[in-house]
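Structural description and commentary
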Amino acid sequence: MKTAMMALLFVASLAQAHVPSLESFNTKPILADLKDLRALNIPVMAKDEFAEVGYAVVTPKMQQRIQEYAHANGKCGGFEDLSQEAQNLTGGFDALLGNLASLKQKNELYDRAPFRALATQKNEALASAITEINVDNMKATVQWLSSYPDRNNRSAQPNVHVEDMKKKLEAMLASSTLPYEVSLVSHTSTKQKSVRVRLTGSEKPNEIVVLGGHLDSINMGWGSGNKAPGADDNASGSANLLEALRIVSQKVQPKRTVDFFWYAGEESGLLGSAEIAKQYKAQNADVVAVLQLDMTLFPGSGELVIGSMTDFTSAWLRDYLKAANETYIGARIVEDKCGYGCSDHASWHRQGYPAIMPFEARMNDSNPNIHSARDLVSKDSNFNHSVAYTKIALVFAMDLANSTARQPY
Ligand SMILES: [Zn+2]
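Each residue is numbered by its place in its chain's sequence as written, counting from 1. Residue-level local features of this predicted model are given only where pLDDT is at least 70; pairs of side-chain atoms are given and counted only at 80 or more, and the full residue set underlies all totals for whole chains, interfaces and linings. Excluded from the side-chain calculations are hydrogens and water; all other atoms, namely the structure's heavy atoms, are used.

So, about the coordination of the zinc ion. For the zinc ion, every protein donor is listed as C76 (SG), H214 (NE2), D233 (OD), D294 (OD) and D294 (OD), and the spread of their distances is 1.9 to 2.6 Å. Along the chain, the residues donating to the zinc ion are arranged with the sequence spacing C-x137-H-x18-D-x60-D. Remark: D294 occurs in the loop between β9 (286-292) and β10 (305-309) and D233 occurs in helix α8 (residues 231-248); sequence separation between them is 61 residues. For the pair shown, D233 and D294 are each scored as buried. Counted as donors are the N, O and S atoms within 2.8 Å of the metal, or 3.2 Å for Na, K and Ca, while water is not among the atoms, so some sites may look incomplete. Working definition: helices are DSSP H or I runs of at least four residues, strands are E runs of at least two. Numbering for both runs from the N terminus. Each residue is placed in one exposure class: buried if its accessible area under a 1.4 Å probe, protein chains only, is under 20% of its type's maximum, exposed if it is over 50%, and partly exposed if it falls in between.

Throughout this description, the term nonpolar core refers to a set of buried Ala, Val, Leu, Ile, Met, Phe, Trp, Tyr and Cys residues connected via side-chain atoms within 4.5 Å. By size, the foremost hydrophobic cluster in this structure holds 68 residues, and its most contacted members are L211, W262 and F396. Looking at this core, the element that brings in the most residues is helix α12 (residues 383-398), giving eleven residues. When checking whether two residues touch, look at their non-hydrogen atoms; a contact exists if any pair is within 4.5 Å. What W262 contacts, discounting residues up to four positions off in sequence, is M165, L169, S194, V195, V197, G213, L215, S238, L241, L242 and L245.

Moving on to the domain arrangement of the protein chain. Domain annotation of the protein chain identifies domain 1 (24-108) and domain 2 (118-402). Where each domain starts and ends comes from a domain assignment, either automatic or drawn from a database. The centre of domain 1, based on its C-alpha atoms, is set 23 Å off from the matching centre of domain 2. Counting residues at the interface gives 28 residues for domain 1, matched by 40 residues for domain 2. Accessible area that two parts lose when put together, evaluated with a 1.4 Å probe and summed over both, is termed the buried area. Buried area between domain 1 and domain 2, both sides added, is near 2,600 Å², and the carbon and sulfur share of it is 52%. The term salt bridge refers to a pairing of a side-chain nitrogen on Lys or Arg with a carboxyl oxygen on Asp or Glu at a separation within 4 Å. Counting across the interface, domain 1 meets domain 2 through three salt bridges.

Here's what the structure looks like:
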């Protein structure tokens with residue numbers, strides 16, 4: 001009996017020693033496009049066919065394959081890292097995936113509803129602000145950001161450019177008479193920090209319009225000391241936001257609060273935006289709209305042809321973009337899909353906030369040089385094209401943030 005007990009204990013301790021823990025294999029739970037996971041033969045542990053999203057636990061090798069596959073298909077990101085919340089998900093993965101499916105259904109139902117005109121009456125203050133966009137400022141910002149060896153969240157010093165960005169913002173905003181606040185946001189999933197500028201609203205400070213893009217960059221051969229200038233991906237979107245903020249900060253205080261974000265660690269699984277969106281949700285923040293700018297410099301489908309992503313975005317905001325385009329921008333908008341987690345808007349969408357992602361081209365026509373040392377300002381960089389995205393940012397900050405419009409579902 002005693003021997004049997006000891007044998008049992010021995011077996012139990014052996015079993016314990018061999019229980020695969022997440023740490024021992026350095027695996028991580030993620031959400032990704034179901035088609036991508038299947039194409040790569042990565043075991044899908046939970047899924048929703050309608051939402052086209054799968055949950056998987058991936059090794060570093062698998063993660064790299066997803067990143068390479070997403071990259072080959074023109075995407076910037078490609079998955080969302082769930083490490084921070086997988087342990088204590090209320091309702092589990094079925095609830096999480098079911099929620100994404102119900103959001104998709106709501107957006108599809110709205111698509112079939114009558115079109116509601118928005119932004120069709122020209123606001124002269126906004127139209128005049130648009131004429132103040134300075135292409136040279138945008139160029140200088142992209143040149144500056146792409147001059148860092150990399151802006152990778154896993155590099156030894158992941159915050160050098162982040163601190164510099166904060167200083168730049170403080171210097172730029174010093175002449176503003178608006179109430180503003182520049183802050184660095186720390187994260188638990190990465191040492192890299194996000195940057196936030198808040199312009200507090202005059203009448204409805206609790207209603208928030210978010211404008212964001214990721215500040216980090218990556219070289220697919222990460223870890224090997226390869227340079228990651230990330231001019232298009234995503235110094236370009238970062239520059240659109242900076243230029244829009246420069247103009248807005250010299251205007252009348254917006255009625256709603258406007259939060260500008262330069263996110264950390266997007267390339268490693270939407271790390272910064274996922275934590276921020278989750279935190280806003282936990283605080284019950286009333287985010288009325290989220291604009292995501294990620295890659296705006298390469299006009300792969302033609303100059304002033306904007307790819308508007310229809311998956312994991314708000315049908316209402318896509319309509320708003322079309323209306324604002326007629327009134328203020330004059331680009332051509334083509335709809336496309338990019339799969340779950342292609343950029344930071346997915347983080348906000350998953351928390352139930354209306355988001356939109358106007359992209360530089362159709363997905364298949366996007367810049368082939370991203371995630372490499374070749375993502376530099378070159379003859380293919382088109383700042384006239386990129387200006388359209390600064391205009392979109394101004395529309396969000398000066399029209400939507402001064403309106404009472406909100407998603408009707
Ligand atoms: Zn990007």
